[in-house]
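Coordinate inspection notes
Okay, here's what each chain looks like letter by letter:
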2 protein chains.
Amino acid sequence: MPENTSTVIPPGKTYSLAVQMVSQRVIERLAIYRRILENLLPDKEPAIFSHQLADLAGTTAAQVRQDLRVIGYAGSTRSGYQVARLLKGIDDFFSLSETEPTVLVGVGNLGMALITYFSLRNSRPDIVAAFDTDPEKVGKVYHGCRCFSMDELNQIVKEQYVRIGIIAVPTDAAQETADSLAAAGIRGILNFAPVTLRGNHGIFIENIDLTLALEKVAFFSKQ
Amino acid sequence: MPENTSTVIPPGKTYSLAVQMVSQRVIERLAIYRRILENLLPDKEPAIFSHQLADLAGTTAAQVRQDLRVIGYAGSTRSGYQVARLLKGIDDFFSLSETEPTVLVGVGNLGMALITYFSLRNSRPDIVAAFDTDPEKVGKVYHGCRCFSMDELNQIVKEQYVRIGIIAVPTDAAQETADSLAAAGIRGILNFAPVTLRGNHGIFIENIDLTLALEKVAFFSKQ
DNA sequence: TAGATTGTTAATCGATTAACAATC
DNA sequence: TAGATTGTTAATCGATTAACAATC
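Scoring rules and cut-offs
Residues numbered from 1 in each chain as written. Chains lettered and ligands numbered in written order. Predicted model: local features only at pLDDT ≥ 70, side-chain atom pairs only at ≥ 80, totals over all residues. Heavy atoms only, no water. Least-squares fit on C-alpha atoms with pLDDT ≥ 70 in both. Contact = heavy atoms within 4.5 Å. Buried area = accessible area lost by both parts, 1.4 Å probe. Salt bridge = Lys/Arg side-chain N within 4 Å of Asp/Glu carboxyl O. Polar contact = N/O pair within 3.5 Å; in protein donor to acceptor, adjacent residues only side chain to side chain. Helix = DSSP H or I, 4+ residues; strand = E, 2+ residues; numbered from the N terminus. Expected span 1.5 Å × (residues − 1). Buried < 20%, exposed > 50% of the residue type's maximum accessible area, 1.4 Å probe, protein only. Pairing = 2+ DSSP bridges. Axes fitted to C-alpha atoms, helices over the stretch in contact; angles between N-to-C directions.

**Regarding the relation of the copies chain A and chain B**
Superposition record for chain A on chain B: RMSD 0.0 Å, screw rotation 180 degrees, translation along axis 0.0 Å. Overall, the copies show the geometry of a two-fold rotation axis. Relative to the rotation axis, the C-alpha of A:Ala113 is the closest in chain A, positioned 3.0 Å from it. The fraction of interface residues of chain A whose copies in chain B are also interface residues reaches 100%, indicating that both copies meet through the same surface.

**As for the interface of chain A and chain B**
Contacts between the two partners involve 58 residues from chain A, matched on the other side by 58 residues from chain B. Carbon and sulfur atoms supply 67% of the area buried between chain A and chain B, which totals about 5,900 Å² over both sides. Among the residues chain A hides against chain B, the three largest losses belong to A:Leu214, A:Lys216 and A:Phe219. Together they make up 12% of the total. Taken together, chain A and chain B are joined by six salt bridges. The closest approach of N and O atoms between A:Asp209 and B:Arg35, which form a salt bridge, is 2.2 Å. Remark: the boundary between chain A and chain B carries 14 residue pairs in polar contact (both at pLDDT 80 or more).

**Section: helix α2 (residues 24-40) of chain B**
An ideal rise of 1.5 Å per residue puts 24 Å on 17 residues; α2(B) measures up with 24 Å between its terminal C-alpha atoms. By the burial criterion, the buried members of α2(B) are B:Val26, B:Ile27, B:Arg29, B:Leu30, B:Ala31, B:Tyr33, B:Arg34, B:Arg35, B:Ile36, B:Leu37 and B:Leu40. Tucked into the core, α2(B) has its buried residues touching α9 (210-220) of chain A together with β1 (47-48), α3 (50-57), α4 (61-70) and α5 (83-94) of chain B.

**A closer look at the sheet that holds strand β9 (residues 204-207) of chain B**
All names here are of chain B. One open sheet accounts for seven strands, arranged β5-β6-β4-β3-β7-β8-β9; its pairing is mixed. Two strands close off the open sheet at either side, each with one partner strand: β5 (141-142) and β9. Here strand β3 (residues 100-105) runs beside strand β7 (residues 164-167); their pairing, made up of four bridges, is parallel. Each residue of the ladder has a partner; that of Val 105, found in β7, is Ile 167. Lying over the sheet, helix α8 (residues 171-184) contacts β3, β7 and β8 (188-191), oriented at roughly 170 degrees with respect to β7.

Here it is as structure tokens:
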């Protein structure tokens with residue numbers, strides 16, 4: 001559909017339409033391609049074929065071509081996809097130009113580890129504040145990230161235009177936390193509590209359930 | 001198919017057949033149902049309808065009935081599914097009678113947090129040993145879990161009949177670690193390193209990519 | 001009984017894969 | 001050119017949902 005090859009579709013109506021239609025699977029794979037390309041960049045390999053990218057990502061060439069189609073990036077039949085430009089194309093599609101302010105609720109073992117993990121690899125989603133109900137923790141600074149009381153959630157989310165929240169609280173407090181985040185204006189949640197959060201219409205929720213993941217491995221490791 | 005109602009299919013050929021055919025999605029949902037039932041048990045509610053379970057699990061009644069079908073559990077048209085017996089049915093299907101010995105490789109920030117996390121909620125997959133290349137860490141005991149050198153991996157895996165491995169090493173070391181685990185006889189891997197592990201035929205690999213998950217939330221939180 | 005729920009089969013939906021003319 | 005790869009369309013595959021007779 002785009003008449004100019006080797007480029008991404010321009011921002012505008014087509015863009016936002018595409019965003020709505022793209023499935024979670026496609027986004028996951030695009031993120032994987034992105035990381036592969038990033039690692040490939042220093043190698044000075046100018047281009048890569050769909051089957052090479054597929055090999056590295058653990059998928060198929062047809063899948064890769066289909067996926068890249070949704071971001072409107074066109075390769076060439078001679079040399080495949082230009083690494084640097086494709087990377088730029090995915091970044092543009094993800095709107096990964098500036099960092100995305102993120103808050104984390106629950107500074108327990110897992111919460112602490114997440115703060116460390118994300119701050120060490122200064123990921124684009126950047127944890128700007130942590131929250132906890134424990135007065136012992138409030139006021140402390142972990143890896144450059146200050147811990148606030150829950151009372152301050154609303155203010156900080158608004159002041160810093162935070163759209164993403166991470167839930168690392170105990171199971172019992174998870175639903176309440178999700179409601180607070182939603183009320184403060186959060187648009188997306190990464191939830192580590194092993195419960196199905198409910199009634200958050202319009203908010204995107206991604207669940208990471210560590211115990212469930214391990215149980216899944218246990219099940220399938222028995223063939 | 002099973003002529004006796006309100007029971008699970010007996011172990012045997014049907015059983016192992018079912019295991020092979022069941023998709024990952026179904027297993028994930030069964031694990032979720034399982035946790036819900038577990039929490040419901042103290043409430044002394046004897047039974048639950050498919051639509052109630054669906055509400056709690058964030059799915060549909062038809063989906064629940066379809067899922068329960070694969071484990072061969074039959075409810076009654078009058079009262080639905082008996083909580084205690086269904087829970088037992090899922091446990092049997094998962095073979096969750098005894099604990100599953102598990103090893104963890106990479107005792108960094110994330111690895112430490114995982115040891116703490118899993119030991120605190122004494123999950124059925126039980127981390128019996130940790131491994132690290134850092135001589136400083138070898139010999140130390142974290143939450144009752146001793147850290148060994150990688151040289152000892154083979155022996156411990158064999159002695160303790162370990163089938164599951166968790167990879168929490170830096171990205172560069174992940175593939176090497178996976179190969180070592182595979183060589184030692186591990187059958188399933190939970191991988192936290194942001195790389196696609198390759199060439200491990202016959203080994204089940206579940207990836208948890210924290211950065212990717214957060215990027216996914218960032219993307220969809222923009223609608 | 002009347003009404004709600006079940007197991008099961010059929011229909012729908014969406015995602016992956018295959019096929020192929022166009023291209024360099 | 002010959003040959004490999006591309007974008008795109010069609011075919012396949014699998015998973016979810018809808019429908020409904022049977023049941024309590």
